[in-house]
Amino acid sequence: MLLRALIWDVDGTLADTERDAHRPAFNAAFAELGLDWEWDEQLYGELLKVAGGVERMRHYARTVRHVDLPELELEELLRQLHARKTVLYVRTVASGAVPLRPGIEHLLRQAHVAGLHQAIATTTTRDNVDALLLSCLGPGAIDRFRVIATAREASAKKPDPAVYTYALSALGLHSSEVLAIEDSRNGLLAAHAAGIGCVVTRNAYTARDDFTGAVAVLDDLRLTQLSDLVKWHQARLDAAIRR
Ligand code: XBP
Ligand code: MG
């Protein structure tokens, strides 16, 4: 099967958003709502094992801070915190503070020139994706992606495959015609559970994750060409046929 589309993860893959954009936005929202919660860089790295901002805060509240609010009250607090955190995150990204990771822009361009479809599959919030694409790639960038699948389209977060199965059906493609690009074990597991091969571009938070089964594991994509992605995709399909 020919490679017909690339499906990009966002946080940690397109840009290093977590430590210096999501994390401070969570902390600022906590402070604004009068909470004494604060996530330092190390703690945040541990909390990243829980995908999804609301889910991450819920996990922290219940299992680290032992918050014993009734469920409805906690959910309302989390809703308010997350709405505010999203506003603060979008503001940071819109200021231009978060660049794309090395190699991303040229791969996006090569894929576009080669006629591949581009899609996004992320657990983050749609406003965050729009802000990042606009800030890093300019007006019109959003239209370069045929499908943008976010927490809005798939409420079950990675490693659940829901966001990938949504992206596949919106693209109208089979899993053997696409390649995912991810930075984390949760992302890799989500892609695999949807039957999709996955290239991993690690970052400081995910460098020690277990990426068994990835078609390639790299520290960044600065030296990666579209021809490499095509080659890895084909090698995966050939290996599947031999099995
Ligand atoms: C990363 C996530 C998100 C972000 C925070 O998603 O798990 O939860 O950390 O964003 P991905 P929200 O790697 O799939 O892009 O607060 O909007 O959830
Ligand atoms: Mg990610």
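Up top is the structure these notes are about.
In what follows, the accompanying structure is described. (Residues numbered from 1 in each chain as written. Chains lettered and ligands numbered in written order. Predicted model: local features only at pLDDT ≥ 70, side-chain atom pairs only at ≥ 80, totals over all residues. Heavy atoms only, no water.)

Focus on the pairing of strand β5 (residues 197–201)
- When you tally the buried positions in β5, you get five out of five residues, the bulk of the element.
- A two-sided burial pattern is seen for β5, the buried positions comprising G197, V199 and T201 on one face and C198 and V200 on the other.
- In this sheet, β5 lies alongside strand β4 (residues 178–182) in parallel orientation, the contact comprising four bridges. Following the sheet pairing, I181 is matched in β5 by V199.
- Traced from β4 through helix α8 (residues 185–193) to β5, the parallel crossover comes out right-handed. (Buried < 20%, exposed > 50% of the residue type's maximum accessible area, 1.4 Å probe, protein only. Helix = DSSP H or I, 4+ residues; strand = E, 2+ residues; numbered from the N terminus. Pairing = 2+ DSSP bridges. Right-handed = clockwise from strand over helix to strand, strands pointing away.)

As for the packing of helix α4 (residues 71–94) against helix α6 (residues 126–137)
- Between α4 and α6, whose axes approach to 9 Å, the crossing angle comes to 5°. For the element pair α4 / α6, the angle class is roughly parallel. Each of K85, T86, Y89, V90, V93 and A94 in α4 lies in contact with α6, whose residues at this interface are D127, N128, A131, L132 and S135.
- In terms of residue class, the contact of α4 with α6 is made up of six nonpolar, three polar and two charged. (Axes fitted to C-alpha atoms, helices over the stretch in contact; angles between N-to-C directions. Parallel < 35°, antiparallel > 145°, perpendicular 65-115°, else oblique. Contact = heavy atoms within 4.5 Å. Nonpolar A, V, L, I, M, F, W, Y, C, P; charged D, E, K, R; others polar.)

A look at the site of ligand 1
- Around ligand 1 sit 19 residues, and of these G53, H82, T122, T123 and T125 come closest.
- At a separation of 2.7 Å, an oxygen atom of ligand 1 approaches a polar side-chain atom of H82.
- The side chain of K158 places a nitrogen or oxygen atom 2.9 Å from an oxygen atom of ligand 1.
- Within the complex, the protein chains bury 95% of what would otherwise be the 450 Å² of accessible surface of ligand 1.
- Elements that contribute at least two residues to the shell around ligand 1 include exactly α1 (18–32), α3 (53–64) and α4.
- Per element, the largest residue contribution to the shell around ligand 1 is three residues, and it comes from α1. (Near = heavy atom within 4 Å. Polar contact = N/O pair within 3.5 Å; in protein donor to acceptor, adjacent residues only side chain to side chain. Areas by Shrake-Rupley, 256 points an atom, 1.4 Å probe, with all protein chains shown as cover.)

Focus: the pattern of salt bridges
- Under the criterion given, the structure shown has 17 salt bridges.
- Across the pair D9 and K158 runs a salt bridge whose closest N-O atoms are separated by 2.8 Å. In this pair, D9 is assigned in the loop between β1 (5–8) and α1 and K158 in the loop between β3 (147–149) and α7 (162–171), connecting sequence segments 149 residues apart.
- With a relative accessible area of 5%, D9 lands in the buried category.
- Across the salt bridge formed by R79 and E76, the nearest N and O atoms sit 2.8 Å from each other. Taken as a pair, R79 and E76 lie in helix α4 at a separation of three residues, close to a single helical turn.
- Residue E76 is classed as partly exposed on the basis of its relative accessible area of 33%.
- Linked by salt bridges that have partners in common, D9, K158 and E182 make up one network. (Salt bridge = Lys/Arg side-chain N within 4 Å of Asp/Glu carboxyl O.)

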